[in-house]
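Next come the chains, spelled out residue by residue.
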Amino acid sequence: IKSNNNLSLQARTYIMGDAIAENYWEGEDQVDLAVNYHSDDEFVEEGEDSGAEGAEPVVDDKTSKKRKKFEALKEKKKAKLSELANEEKDGNGKATKGKQKRPKAFTVEEQIDLIESCRPGNIRNQDNLNFEDSDFVFPDLEEGSVTKSEKGKKICPFVRALSANLEGYKKTLLNNNAPKDDFGCPVLLVLCSSAIRATQIIKSISAKLIKCKIAKLFAKHFKVEEQMEMLSKEYYPIALGTPNRVSKLIELGALSLRRTAMVLVDVTPDSKSFTILTLNEVKNDFYKLLYTQVLPEKSHLKIALIRDQI
């Protein structure tokens, strides 16, 4: 309520609609219960700073911290939405919503350089054999190689690499009439760094090759004797496992690479950015398997390094 500063206190109280006794304001106790009155006709609650003009309201530390945290989360969410919006556009600025981001494939030169640069010093080539460019294949994972039936669907880079480099791969993998001599002789061997990663790859491959049998060759929950018996009783066109267990089964004669057409090496980084080529607990076993058991069979098989997008 706007009022004239020259009005008496009693007149002001009548204007506000409250008729109070004139002697109400005489006692000190009553004054302490009042609100502070200012000449500019603003009422300020007792305890607020009525001194300097433009003074900011008092905010405690707890409220201030909550506000800052809220603002930080808000900015983070805004940045994430902006990043997603940029990813949904291609080079021409056209929307690409619904398209899957393809993992970048290594060229043949990059694969050889990567293997050589990570090789431990104690691993030496056997019988003066060396890897050549012709021993590796370029996994065709580019957008142009995706068929109409695969567009908009989750792509398995291991199946894509196999289909691009092995003609009639489905017929070969789904062969249920393999002779007993081929038991323990997979067409495709996939090597990875751990049992956890192995189960992820198995799910990815099985989603595309539903009826294809995959031999699980890793240590978790599986004994060597059980895996030897499994390989001797049934034909598995795909074998997937860790270097140590695969190497042991080859040494025991339960697994053979004489019919293997492709060896795919998973080099997808784990949560700590380690790969099968750099993880100390695995890399020695991998390079031993690569140079002592895979390299001698290079006349009939090809190698490819696969980096998945997980």
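Turning our eyes to something else, we now look at the side chain of serine 247. Within the secondary structure, serine 247 is located in helix α9 (residues 243-251). Under the relative-accessibility criterion, serine 247 is labelled buried at 6%. For serine 247, the contacting residues outside a window of four places in its chain are Leu289 and Gln293.

In this section: the nonpolar core. Membership of the largest hydrophobic core comes to 39 residues, with the highest contact counts inside it found for Tyr287, Leu290 and Ile303. For this core, the secondary structure elements donating two or more residues are α4 (108-118), β3 (188-191), β4 (214-217), α8 (224-233), α9, β6 (262-266), α10 (280-294) and β7 (302-306). No other element matches α10, which puts seven residues into this core. Ignoring anything within four residues of it in the chain, the contact list for tyrosine 287 reads Leu114, Ile115, Cys118, Arg119, Pro120, Ile123 and Leu277. Ranked by size, the runner-up nonpolar core spans 31 residues in total, among them Val187, Ile202, Ile238 and Leu264.

A few words on the packing of α4 against α10. Relative to each other, α4 and α10 sit at 120 degrees, their axes nearing to 11 Å. Between α4 and α10 lies a crossing of left-handed hand. On the side of α4, the interface is formed by Leu114, Ile115, Glu116 and Cys118, while α10 contributes Tyr287, Leu290 and Tyr291.

With that out of the way, let us pick up the packing of aromatic side chains. Under the counting rule described, the total for this entry stands at five aromatic pairs. Summarising the aromatic geometry, the rings of tyrosine 287 and tyrosine 291 are spaced 6.3 Å apart at their centres and angled 15 degrees between planes, so their arrangement reads as stacked. Of this pair, tyrosine 287 and tyrosine 291 both sit in helix α10, four residues apart, which is roughly one turn of the helix. There is no split in this pair, since tyrosine 287 and tyrosine 291 are both buried. In textbook terms, an aromatic cluster arises when at least three aromatic residues are bridged by ring pairs, as seen for Phe131, Phe136, Phe286, Tyr287 and Tyr291.

Turning our eyes to something else, we now look at a negative patch on the surface. A surface patch of negative charge is lined by Glu109, Glu110, Asp113, Glu132 and Asp133. Inspection of the secondary structure assignment puts glutamate 132 in the loop between α4 and α5 (157-165).

Before going further, it helps to spend a moment on the pairing of β4. Taken together, the four bridges between β4 and strand β5 (residues 238-241) define a ladder with parallel strand orientation. Each bridged residue has a counterpart across the sheet, and for leucine 217 the counterpart in β5 is glycine 241. As for the winding sense of the linkage, the β-α-β connection from β4 through α8 to β5 is right-handed.

On the secondary structure map, proline 179 appears in the loop between α6 (169-173) and β3. Residues proline 179 and glutamate 234 lie 55 residues apart in sequence; the distance between their C-alpha atoms is 10.0 Å.

A word on the confidence of the model for the protein chain. Per-residue confidence for the protein chain averages 77 on the pLDDT scale, and 67% of its residues sit at or above 70. In the model, residues 95-100 has pLDDT below 50 throughout and makes 11 contacts with residues more than four positions away in sequence or in other chains.

Okay, the side chain of threonine 275 next. Among the structural elements, threonine 275 can be located in the loop between β6 and α10. By relative accessible area, which is 14% here, threonine 275 ends up buried. Ignoring sequence-local partners within four residues, the contact set of threonine 275 consists of Val267, Thr268 and Pro269.

The rules behind each value
Residues numbered from 1 in each chain as written. Predicted model: local features only at pLDDT ≥ 70, side-chain atom pairs only at ≥ 80, totals over all residues. Heavy atoms only, no water. Helix = DSSP H or I, 4+ residues; strand = E, 2+ residues; numbered from the N terminus. Buried < 20%, exposed > 50% of the residue type's maximum accessible area, 1.4 Å probe, protein only. Contact = heavy atoms within 4.5 Å. Core = buried A, V, L, I, M, F, W, Y, C linked by side-chain atoms within 4.5 Å. Axes fitted to C-alpha atoms, helices over the stretch in contact; angles between N-to-C directions. Left-handed = near helix turned anticlockwise from the far one by under 90°. Phe/Tyr/Trp six-rings, centres within 6.5 Å; stacked < 30°, edge-to-face > 60°. Patch = residues over 30% accessible without salt bridge, like charges linked within 9 Å, V, L, I, M, F, W, Y side chains within 5 Å. Areas by Shrake-Rupley, 256 points an atom, 1.4 Å probe, with all protein chains shown as cover. Salt bridge = Lys/Arg side-chain N within 4 Å of Asp/Glu carboxyl O. Lys, Arg positive; Asp, Glu negative; His and termini not counted. Charge placed at Lys NZ, Arg CZ, Asp CG, Glu CD. Pairing = 2+ DSSP bridges. Right-handed = clockwise from strand over helix to strand, strands pointing away. pLDDT = per-residue confidence, 0-100.

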